[in-house]
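Remarks on the overall topology
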Amino acid sequence: MTLIRLVAVLIVLSGCSGARPGAPPALAPYDIGPVPRAGVREGGTLRLATGEFRTQWNYWHLGGPNLDAVTVLRTTMPWLFRSDANGAVRPDPDYLAGARIARTSPHQVIVYDINPKARWSDGTPIGYRDFQSLWRAVRGRNPAFPIATSTGYDRIRGVARGRDDRQVVVTFARPFGEWRELFSPLYPAGTIGTPDRWDHAWLNRLPVTAGPFRLERIDRTAEAVTVVRDPAWWGARPKLDRIVFRHLARDAMPGALLSGEIDGFDAGADATAYRRVAGTAGVSVRRAAGPDFVQLTFNGAGPALSDPDVRRAVAMAIDRAAVARSALRGLGGRADVMNDHVYVNTQQGYRDNAGQVGAYDPGGAQRLLDRAGWTPAGGVRRKNGRMLTLRYLFPESAAMSRQSGELIQAMLREAGVRLLLRPVPDGDFFDRYLVPGGYDVAPFTWHDTSFPISNLESVYARPRGDDVRQNLARIGSARLDGTLARAVGELDPVRARRAANEADRMIWAEVHSLPLYQRPQIVPVRSSLANWGAFGLSDPVWTDIGFRK
């Protein structure tokens, strides 16, 4: 399961992770089978597999942001900035004629100039009201709008009309370094302006679009979404006629590619899937340093894991290096553990902040459990008559999550902790279990964006009552909140990275979650597919994707 964390900086640096002599080489920043537009044929249907079928297409809604939803939405909705392979972010000229910092004192002011051709599929020009409506919904002041994050928006003082409806002036009450992250994707004001529209206008539908493709059909029976070329699109004409995004169980994706049912899928770190397709005629495996990492989230609201010492003991009883080696065996890359919640191993800013919590120390884990009052009794520790039993929840088709769970289960058994493996339907994993808190330990992948730091608050700041945002662990502190706020508001990138690492040391100390390893991006595709594959840090240019001539 991959969730979007609107968080970390992803600037790949060669040699940053300290490769050992004889170690496997670092992966490329991206691998998409690049072909100039002139070499891509006109027309055709691209069929892609997705790991989950979404019902909520409001990206900013609490139930909205996952990687599969973003892939679809990027073909149909406005993303104002585009990231290249090195993580450099620039305005997308299809939507913005320009965006600039107009001033920083007494308040930070950003001015957006909208491309005069940009309009919604209903004919309405994109304008300042769309920016204003999104800000009002996600700034976090109205609990009737369930949101994934308010970071950045909660620092805005006002969103106003500039010289005309096509110019947007955003004034901040407090500085915000990653302002380029905001307002992407943008939604039409009329579809998100009330709590009812926020919850229901995008439920099982995309009523209005503004991208190179528009919605043709959502087939809930086949669990497929089809988008088609939009003749009203004002930018470069898309090469493809249509794209079909079809939900498949993870273990069914390799067979679907080999049988010609799909043209590509993200294999993640699934060595079995990789072996099934590698070396097959007509199939290319595209590989890059993935912009995401696998981790275990602990439910700090659970009866046992509410105790930091128990969380710390569980973390120390897990041999993360062994889990990484097992998960990445046969994929050809390095199996380095992650010791930072903010940056992956190949990023500028990465630091080893794990300390004692990240060290494999079974003896120390047992001493912590003794101190917490959990005494050995017949192989499973007990306290006040209750066994130390934890539920390890994972999507039922995620073979790698099961494999890692079985390994972790054996490790925790040695410490006297009983780990129950609980597979659940893929589509229920997030909405029905993680968000309500119906788990103890959950493995999933955080997929980062091209922006540093800014949404750390959404994942690691203290929940506000039942409003957990993306802090599915429900763990936090006032001290950490202050450090996160300082990092988010810092305009100097060096000081911002320093504050982010200070916050990360606190996150480790709280044992909010346990990073395991950076996930390589392994994308098997039909060899004729051009300009699509393992994107790393870069954003797809959907108008250029198609099949070779």
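Here, every reference points to the structure presented above.
Notes on the structure in this doc start here. (Residues numbered from 1 in each chain as written. Predicted model: local features only at pLDDT ≥ 70, side-chain atom pairs only at ≥ 80, totals over all residues. Heavy atoms only, no water.)

What follows covers the overall build of the protein chain. Scanning the protein chain for helices and strands turns up 13 helices and 22 strands. A compact globule built from 549 residues would reach a C-alpha radius of gyration of about 24 Å, and the protein chain, at 23 Å, matches this within 12%. Within the protein chain, the fraction of its 549 residues that count as buried is 59%. Summing over all exposed atoms, the protein chain offers an accessible surface of approximately 20,700 Å²; the carbon and sulfur share of this is 49%. Distance between charge centroids for the protein chain: 2 Å, based on 72 positive and 55 negative side chains. (Helix = DSSP H or I, 4+ residues; strand = E, 2+ residues; numbered from the N terminus. Rg over C-alpha atoms; globule rule 2.2 N^0.38 Å. Buried < 20%, exposed > 50% of the residue type's maximum accessible area, 1.4 Å probe, protein only. Areas by Shrake-Rupley, 256 points an atom, 1.4 Å probe, with all protein chains shown as cover. Lys, Arg positive; Asp, Glu negative; His and termini not counted. Charge placed at Lys NZ, Arg CZ, Asp CG, Glu CD.)

Ranked by internal contacts, the top residues of the largest apolar core, which has 102 residues, are Y112 and F183. Sequence-distant contacts of F183, that is, excluding residues within four places in its chain, are made with P78, L80, Y112, F131, L134, W135, Y153, I156, V159 and V170. Counting residues in hydrophobic clusters, the runner-up holds 58 residues, among them V323, A327, L328 and A415. (Core = buried A, V, L, I, M, F, W, Y, C linked by side-chain atoms within 4.5 Å. Contact = heavy atoms within 4.5 Å.)

Moving on, we come to the pairing of strand β11 (residues 242-247). Taken together, the 6 bridges between strand β2 (residues 45-50) and β11 define a ladder with parallel strand orientation. Counterpart to A49 in the pairing with β11 is R246. Two elements, strand β10 (residues 224-229) and β11, share 5 bridges in a ladder whose sense is antiparallel. What sits directly across from V225, in β11, is F245. (Pairing = 2+ DSSP bridges.)

Time to look at the packing of aromatic side chains. Taken as a whole and assessed by the stated rule, the structure comprises 19 aromatic pairs. Measuring from ring centre to ring centre gives 5.4 Å for Y153 and F183, while their planes differ by 90°; the resulting arrangement is edge-to-face. Of the two residues, Y153 is situated in the loop between α2 (128-138) and β7 (156-161) and F183 in the loop between β8 (167-172) and α3 (195-200); the sequence distance between them amounts to 30 residues. In this structure, Y153 and F183 share a single accessibility class: buried. What links up through ring pairs into an aromatic cluster is the set Y59, W60, W79, F81, Y112, F131, Y153, W179 and F183. Stacked on the ring of W135, the Lys or Arg R139 has its end atom at 4.5 Å from the ring centre. (Phe/Tyr/Trp six-rings, centres within 6.5 Å; stacked < 30°, edge-to-face > 60°. Lys NZ or Arg CZ within 6 Å of the ring centre and 35° of its normal.)

One open sheet holds the 4 strands; their spatial order is β5-β6-β8-β7, and the pairing between them is antiparallel. This sheet does not close on itself; its edge strands, each paired only once, are β5 (96-103) and β7. Strand after strand, the sheet turns through a mean of 15° between neighbouring axes, direction not considered. Looking at chain direction, β5 and strand β6 (residues 109-114) are connected through 6 bridges and run antiparallel. Its bridge partner being in β6, L96 is matched across the sheet by I114. Where α2 meets the sheet, it contacts β6, β7 and β8, and its direction lies at approximately 155° from that of β7. (Axes fitted to C-alpha atoms, helices over the stretch in contact; angles between N-to-C directions.)

This brings us to the pattern of salt bridges. Inspection of every chain in the model, using the stated rule, returns 27 salt bridges. Between R312 and D309 there is a salt bridge whose closest N-O contact spans 2.9 Å. Of the two residues, R312 and D309 both sit in helix α6 (residues 308-316), 3 residues apart, roughly one turn of that helix. D309 sits in the buried class, given a relative accessible area of 15%. For the salt bridge of R381 with D370, the shortest nitrogen-to-oxygen distance reads 2.7 Å. A residue pair is termed long-range when its members are at least 10 positions apart, and R381 in the loop between α8 (362-371) and β14 (382-383) and D370 in helix α8 qualify at 11 residues. (Salt bridge = Lys/Arg side-chain N within 4 Å of Asp/Glu carboxyl O.)

Another point: the packing of α6 against α8. Two elements in contact, α6 and α8, have axes whose closest approach is 8 Å; the angle formed by their N-to-C orientations is 160°. Judged on the interaxial angle alone, α8 and α6 are roughly antiparallel. The handedness of the crossing between α6 and α8 comes out as left-handed. Residues D309, V310, R312, A313 and M316 of α6 form the contact with α8, whose own contacting residues are P362, G364, A365, L368, L369 and R371. (Parallel < 35°, antiparallel > 145°, perpendicular 65-115°, else oblique. Left-handed = near helix turned anticlockwise from the far one by under 90°.)

Below, the discussion takes up the pairing of β10. Burial analysis of β10 places 6 of its 6 residues in the buried class, which makes it a mostly covered element. The antiparallel pairing of strand β9 (residues 213-219) with β10 creates a hairpin that spans 4 residues between the two strands, and E223 there sits at a positive phi of about 50°.

As a further point, take the side chain of D219. When you line up the elements, D219 lands in strand β9. Residue D219 is classed as buried on the basis of its relative accessible area, which comes to 16%. In terms of polar contacts, D219 uses its side chain to reach the backbone amide nitrogen of T221, at 3.0 Å. Apart from residues no more than four positions distant in its own chain, D219 is found in contact with F53 and A224. (Polar contact = N/O pair within 3.5 Å; in protein donor to acceptor, adjacent residues only side chain to side chain.)

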